[in-house]
Amino acid sequence: MIVTTLFNGLWQGAAIFAIAYAVSRVVSKQDSATRYALWFATLLALVIVPILTTASNTGSLLLEALRTHSTGTMHVSLLPVGPFVRHAGMWIEAAVPWTLCIWLLGMGVNIVRLGRSFLRIHQIRRNARVLGGADRGVFTSEEISVPIVAGFFDPVVVIPSALLAQLAPTDLKRIIEHERAHIRRKDPLSNLVQRLIEAALFFNPWVRFAGACVSAERETACDDWVVEKIGDPCEYAACLATLAHAARPSRVPLLTPSAFQSRHALVSRIERLSSTKPRRLRINAYALGVTIVIFIVTTLALQALSPALALTPAHAGAQGLPAATTVAATCARPNSEALVVTAAQPDLPHGLKLHGAVNVVVTIAPSGHVTSATVLHSSGNAAIDGAVIDAARRSTYSPKIVNCSPVQGRYVFRAEFEPGPSP
């Protein structure tokens, strides 16, 4: 299920990002608070939507509720698996543990990086000195070259000692106000959530794109706080230009929002400050609400229409099955494919309409027992797929015969549902 969720996050993430990008084109660039909330919600959706579409079939149930229910019949057939499907299935089964290991390794490396960043911030805050003449919660440190906010639950502003002599008192006040805006907006905690998501989904490009948008809009939103409190956006733009010239290039700790991400980012912020359009400090609840509703509808649609990728353990269900048909001593048929002896009926949830077909790849051991079952073609309904997998396991088979000896074989257990006449 974990690997399926990670895979779904790649192609479903493209749809989620496209939705967020379309909405962001409508929201004004001067409304950074809303744009930040939009992209942060997108980042959360990139985590939540693939999990819900993999683990829940709510959308399928809603779709079934809208249909006219009727009774029907089911036909079961057992088809030989073609070479491509057979090899593809074996490759997928073999790749699952390797994929999981690579993901855990990559996530572990990123978690270690975040741990080092946490220790680095803790060290900077412990060694920082109170900045004389400033308000409470402002410190100075020789260990950094750019202003930062240090801490999560009791954050403080830390200013590089080297900048104190290069910035005018008014500019220093603006820089401090920018960092305080991060604290008022709870950015240290939201940045922590962002970095944890990026650490876990490091392979997903859509998470990277959304994270970059979150970071950019967070800084511009804080710029708007500074302009609102101190005024004169042109002077603040000049302050940022001075900061870009005075600050030494330095890697900012991952777990802290910073006023200085890169010189290119500063140039973009300076250009934005030159605009005379009014700025908005409050989130546009209507735009954010519409985006969330679209994400919810998208999740339900994916649950109802996207194929389920179910993989059952190889050892599950192999116990307690009736014995398979034995090979005749005369060996009248020295070579034959496996056959269904008794086809079990799927135990479908009450109220579901029987319609469509499900293909399940089953591996039948020489004893006639099913050792694994994997959905090859889904009905689009996780409940129906699960019932067919269970029926495939409960059915009894005669094994594949090669040169008078039973051997393992892989087949497609196909269940076709035909609706009866509507009442």
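This structure is a prediction, so every number in the text was calculated from the model and none was measured.

The rules we used
- Along each chain, residues carry numbers from 1 onward, in the same order as the chain's sequence is written.
- In keeping with the model being predicted, local features are shown solely for residues with a pLDDT of at least 70 and side-chain atom pairs are shown and tallied solely at 80 or more, while totals for entire chains, interfaces and linings include all residues.
- Computation of side-chain values covers all heavy atoms of the structure but excludes hydrogens and water.
- For every residue, the accessible area (1.4 Å probe, protein chains only) is compared with the maximum for its type, and the residue is labelled buried under 20%, exposed over 50%, or partly exposed between those bounds.
- A pair of strands is treated as paired once DSSP finds two or more bridges between them.
- In this description a helix means any DSSP run of H or I spanning at least four residues, a strand means any run of E spanning at least two, and both kinds are numbered starting from the N terminus.
- The contact rule is simple, with two residues in contact once any of their heavy atoms fall within 4.5 Å.
- Fitting a line to C-alpha atoms yields each axis, with helices limited to the stretch in contact; the angle taken between N-to-C directions then spans 0 to 180 degrees.
- Buriedness for pockets is judged along seven lines, at least five of which must meet protein on both sides within 12 Å for an open set on the 1 Å grid over protein atoms alone, while cavities are sets there where a 1.4 Å probe fits but cannot get out, and lining residues have an atom within 4 Å of a point.
- Grid points are joined across faces, edges and corners, and a volume is the space filled by probe spheres set on the points.
- By convention a nonpolar core is built from buried Ala, Val, Leu, Ile, Met, Phe, Trp, Tyr and Cys residues, the set being connected through side-chain atoms within 4.5 Å.
- When a carboxyl oxygen of Asp or Glu lies within 4 Å of a side-chain nitrogen of Lys or Arg, that pair is called a salt bridge.
- Distance thresholds for patches are 9 Å for like charges and 5 Å for nonpolar side chains (Val, Leu, Ile, Met, Phe, Trp, Tyr), applied to residues having over 30% relative accessible area and no salt bridge.
- The Shrake-Rupley method, run with a 1.4 Å probe sphere, supplies the accessible areas, and residue values consider only the shown protein chains as cover.
- Every residue carries a pLDDT, the predictor's confidence in it, which falls somewhere between 0 and 100.
- The cut-offs work like this: below 35 degrees is roughly parallel, past 145 is roughly antiparallel, 65 to 115 is roughly perpendicular, and the gaps in between are oblique.
- By definition, any crossing whose near helix is turned counterclockwise from its far helix by less than a right angle is left-handed, and any crossing with a clockwise turn is right-handed.
- Asp, Glu, Lys and Arg are counted as charged, while Ala, Val, Leu, Ile, Met, Phe, Trp, Tyr, Cys and Pro are counted as nonpolar; the rest, among them Gly, fall into the polar class.

Caption draft 1: Structural context of unusual backbone geometry. Of note, the phi angle at Lys 186 is positive, near 60°, even though the residue is not glycine. With a relative accessible area of 56%, Lys 186 lands in the exposed category.

Caption draft 2: The sheet that holds strand 2 (residues 129–130), seen in detail. Pairing in this open sheet of four strands is mixed, and the strands run 2-3-5-4 from one edge to the other. Looking at strand neighbours, the two that pair on one side only are strand 2 and strand 4 (148–150), the edges of this open sheet. Sheet strands touched by helix 6 (residues 169–184): strand 3 (138–141), strand 4 and strand 5 (156–160). Its angle to strand 5, the strand with the most contacts, is close to 145°.

Caption draft 3: Broad picture of the layout of surface pockets. When its volume is computed, the second largest pocket comes out at roughly 570 Å³. As for the second largest pocket, its lining consists of 21 residues, of which Lys 29, Arg 35, Ala 216, Glu 217 and Ser 268 are closest to the centre. Going through the elements one at a time, helix 1 (2–26), helix 2 (32–55), helix 8 (205–230) and helix 10 (263–273) are the ones with two or more residues in the lining of the second largest pocket. Looking at which element gives the most residues to the lining of the second largest pocket, the answer is helix 8, with six residues.

Caption draft 4: Here's a closer look at the nonpolar core. In terms of nonpolar packing, the biggest core is built from 20 residues, with Ile 16, Trp 39, Val 207 and Phe 295 touching the most fellow members. Put simply, the parts of the chain that give this core at least two residues each are helix 1, helix 2, helix 8 and helix 11 (285–305). Counting residues per element, this core draws most heavily on helix 2, which supplies seven residues. If we skip the residues at most four places from it in the chain, Trp 39 touches Phe 17, Ala 20, Tyr 21, Ser 24, Ala 210, Cys 213, Val 214 and Glu 217.

Caption draft 5: Up close: the pattern of salt bridges. In the structure shown here, the tally under the stated rule is twelve salt bridges. In this structure, Arg 120 and Glu 143 form a salt bridge, with 3.3 Å as the shortest nitrogen-oxygen distance. Of this pair, Arg 120 sits in helix 4 (residues 83–127) while Glu 143 sits in the loop between strand 3 and strand 4; the two residues are 23 residues apart in sequence, bridging distant segments of the chain. Residue Glu 143 is classed as partly exposed on the basis of its relative accessible area of 26%. Asp 390 is the partner of Arg 394 in a salt bridge, and the nearest nitrogen-oxygen pair spans 2.7 Å. Of the two residues, Arg 394 and Asp 390 are both situated in helix 12 (residues 382–394); the distance of four residues between them amounts to about one turn of the helix. Take Arg 394: its relative accessible area is 36%, and that puts it in the partly exposed class. Within the structure, one salt-bridge network assembled from shared partners comprises Asp 171, Arg 174 and Glu 235.

Caption draft 6: Main features of the environment of Phe 413. Within the secondary structure, Phe 413 sits in strand 12 (residues 409–419). Spatially, the C-alpha atoms of Phe 413 and Ala 391 are 9.5 Å apart, while their sequence positions differ by 22 residues.

Caption draft 7: Molecular detail of the side chain of Gln 30. Relative to the helices and strands, Gln 30 is located in the loop between helix 1 and helix 2. What Gln 30 contacts, discounting residues up to four positions off in sequence, is Asp 224, Arg 272, Ser 275, Lys 277, Pro 278, Arg 279 and Arg 280.

Caption draft 8: Inspection of a nonpolar patch on the surface at higher detail. Among the surface-exposed residues, Phe 7, Leu 10, Trp 11 and Phe 203 lie close enough to one another that they form a single nonpolar patch of about 350 Å² accessible area. Relative to the elements of secondary structure, Phe 203 occurs in the loop between helix 7 (187–200) and helix 8. Relative accessible area serves as the criterion here: at 30%, Phe 203 is assigned to the partly exposed category.

Caption draft 9: Structural view of the confidence of the model for the chain. Within the chain, residue pLDDT values average 80, and 79% of them lie at 70 or more. Within the chain, helix 7 carries the highest mean pLDDT (94), whereas strand 1 (residues 72–80) carries the lowest (64). Within the model, the stretch residues 307–330 combines pLDDT values under 50 with 45 contacts to residues more than four positions away or in other chains.

Caption draft 10: Seen up close, the packing of helix 7 against helix 8. Across the interface, helix 7 lies against helix 8 with an axial gap of 10 Å and an inter-helix angle of 165°. One finds that helix 7 runs roughly antiparallel with respect to helix 8. Seen from above, helix 7 lies across helix 8 with left-handed handedness. Contacts between helix 7 and helix 8 involve Asp 187, Ser 190, Asn 191, Gln 194, Arg 195, Ile 197 and Glu 198 on the former and, on the latter, Val 207, Arg 208, Gly 211, Val 214, Ser 215, Arg 218 and Cys 222. For the contact of helix 7 with helix 8, a count of residues per class yields four nonpolar, five polar and five charged.

Caption draft 11: View of the pairing of strand 7 (residues 356–364). Buried residues dominate strand 7, accounting for eight of its nine residues. In this structure, strand 7 lies alongside strand 8 (residues 370–377), joined through six bridges in antiparallel fashion. Counted as the bridge partner of Ile 364 is Val 370 from strand 8. Between the end of strand 7 and the start of strand 8, which pair antiparallel, lie five residues, with Gly 368 showing a positive phi angle near 95°.

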